[in-house]
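Given next are the chains, with one letter for each unit.
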Amino acid sequence: MLHLLFKRSRRGGAIALLLAVVALLVGIVLATTAHAQTAPAYHFVYLRSTDTLGTELVTPGPSSIVGLLTMRGAPVMRWEQQHTNTNPGRLTLAVFAPGTPTTGLPTQNIVVAMVRDSAKLTISANGTTNEQALLSASGAVALVGNSVLHTALMADHARGAKKATLPVFLTNGGRTITATMAEQGDTTVMSIAGMAVRILWDINGGPREMFIPAQNLRVVRTTGAASGSSAPAKIDYGAPANAPYTAEDVVIPTSRGYTLAGTLTRPKGAANVPAVVTISGSGPQDRDSRISIVPNYAPFRDIADTLGRRGIAVLRFDDRGVGASGGAASRANATSADFADDVASVVAYLRARADIDGTRIALAGHSEGGFIAPMVAATDPTVRAIALLAGPAYNGRRVLEFQNENAIKSATQLTETQRDSIRRTVPKGLDSIAAANSWMGFFMNTEPSAALRRVKQPTLVLQGNTDQQVTPEQADSIVTILKSSGNTRVTLRHFPATNHLFLLDPSGAPAGYTALKDTRVRREVLGALADWVVRVMK
């Protein structure tokens, strides 16, 4: 099917390539303009066991091909890949928050052009455009890791050119590595940084099924043109059967012209109960704080269930512009300070409810949420307490410098000269992204200590010791900052073999998240949080 399109394009002097989703560094979303669809679309389903994780819709055109990647709990990604003769041309990508229409204006825009030994990026956001060039390799192609279809078709491009190796520029990280190709009958194995992608071709030479053993991920082409029947199932935010609490869908007003949607779990038969507000990490998050690459991971649902069984209400909500929440138009320019305003609106909503004790409201923030919670508590001393789960003590630039260095060191296929070359591009790349993106600029240039010094409420600091995104020593730094500023009610807990997601993980490397077996927040972490909340709410 798709392979036949390539053959037709080659006769006309072009090759069509599929490219999908990009998240630069810590997840900056990038976008593009709409593309007219001129041919039938083909439908692929992402599966892990019997669980449908998402779908990808591919529509070929005469000079480019457009795809739409929809993964459960993740931003919707639209991509357009142009082509000239048998070579990939300009790549443009768009990202939309979950639940927002893809016919409107996307959040951000990036154009990637591979020119000689460089990758030239044009990033547009918030009315400004920024350009940068990153060192790559001659003949390299841009590779977008989240789309398995793109990987498969890059493999098809390489085997058509009879290449045993293919230099690829990784858009999620900005580095170039060499992929290797191996043919095994009707299957091609493309290995990228040690991860094998097996592509099974149909009798016409098109991709029929793809499998990534390390992730237990299958991507299967459905028959015929696309249909919506295999779209990710709607998430049920209700209470489980026989739970001692209820789950109520709520709409939260704000003073900024939009509403937020959430779920309030509340112990049955109780009145005037204390409540906890959960605050998500970076990127568009639904109320459960799910991430598509880790099946069944729903940390805020785990927290709500645990606290609900201990007599504590929990309000978890879709981020601004995500799911059933409004505010999509303002999300592109929003910073962590703006998201703190959303949390303040949620707190105000709870205080107005007769069944909630407005004097006993606490905040629990994960990752960026651990950066936001102190902002809210510092400006509202009536917030009862805050819990920081893997919250940062360093500004975002320092965090990103560590994450980039960690990625460079882990790329074992690179020479030390290549590593040094990539390292030299990092400062300019960070500068460019900070200038082009409001959220990133605020994140990079704001010290968490500024708000932490003003927090006088009881504070719980939870940290996984194998966290490679917010390093473990930052929890100790947070405690030092709080205590040195006069806060004597600080509790610190470290958890061995626990990663940034608070899952059991001796390694903690983000590259290994997809292979984790147990995707429920560790019982020890939930227990420590619940014990502390019950104690401070008395």
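All values reported here derive from a predicted model rather than from experimental measurement.

**Overview of the confidence of the model for the chain**
On average, residues of the chain carry a pLDDT of 83, and 87% of them reach 70 or more. Below a pLDDT of 50 lies the segment residues 224-231, which in the model reaches 14 contacts outside its immediate sequence neighbourhood of four places, other chains included.

**Re the pairing of strand β4 (residues 76-84)**
Burial runs high along β4: 7 of the 9 residues are buried. Bridge analysis of strand β3 (residues 64-71) against β4 gives 6 bridges, and the strand direction is antiparallel. When the bridges of β4 are listed, Ile65 appears paired with Gln81. Hairpin connection, β3 to β4: the antiparallel pair is bridged by 4 residues, and Gly73 has positive phi, about 75 degrees. Strand direction decides the pairing type here: β4 and strand β5 (residues 87-96), joined by 8 bridges, are antiparallel. Across the sheet, residue Gln81 finds its bridge partner in β5, namely Leu91.

**A few points about helix α9 (residues 438-445)**
If you check which residues of α9 are buried, you get Trp439, Met440, Gly441, Phe443 and Met444. Where α9 is buried, its residues meet α5 (336-351), α6 (368-379), α7 (396-410) and α8 (416-436).

**Structural notes on the pattern of salt bridges**
Counting across every chain of the model gives 25 salt bridges. In this structure, Arg423 and Asp420 form a salt bridge, with 2.9 Å as the shortest nitrogen-oxygen distance. In this pair, Arg423 and Asp420 are both assigned in helix α8, 3 residues apart and thus about one turn of the helix distant. Take Arg423: its relative accessible area is 25%, and that puts it in the partly exposed class. Here the residues in one salt-bridge network are Glu405, Glu416, Arg419, Asp420 and Arg423, joined through shared partners.

**Topic: the environment of Gly464**
Note on placement: Gly464 falls in strand β22 (residues 459-464). Among the residues examined, Gly464 registers a relative accessible area of 0% and is labelled buried. A sequence separation of 75 residues divides Gly464 from Leu389, and the C-alpha atoms of the two residues are 8.7 Å apart. Not counting residues up to four positions away in its chain, the partners in contact with Gly464 are Pro472, Phe495, Thr498, Asn499 and Phe502.

Basis of the calculations
- Residues numbered from 1 in each chain as written.
- Predicted model: local features only at pLDDT ≥ 70, side-chain atom pairs only at ≥ 80, totals over all residues.
- Heavy atoms only, no water.
- pLDDT = per-residue confidence, 0-100.
- Contact = heavy atoms within 4.5 Å.
- Buried < 20%, exposed > 50% of the residue type's maximum accessible area, 1.4 Å probe, protein only.
- Helix = DSSP H or I, 4+ residues; strand = E, 2+ residues; numbered from the N terminus.
- Pairing = 2+ DSSP bridges.
- Salt bridge = Lys/Arg side-chain N within 4 Å of Asp/Glu carboxyl O.

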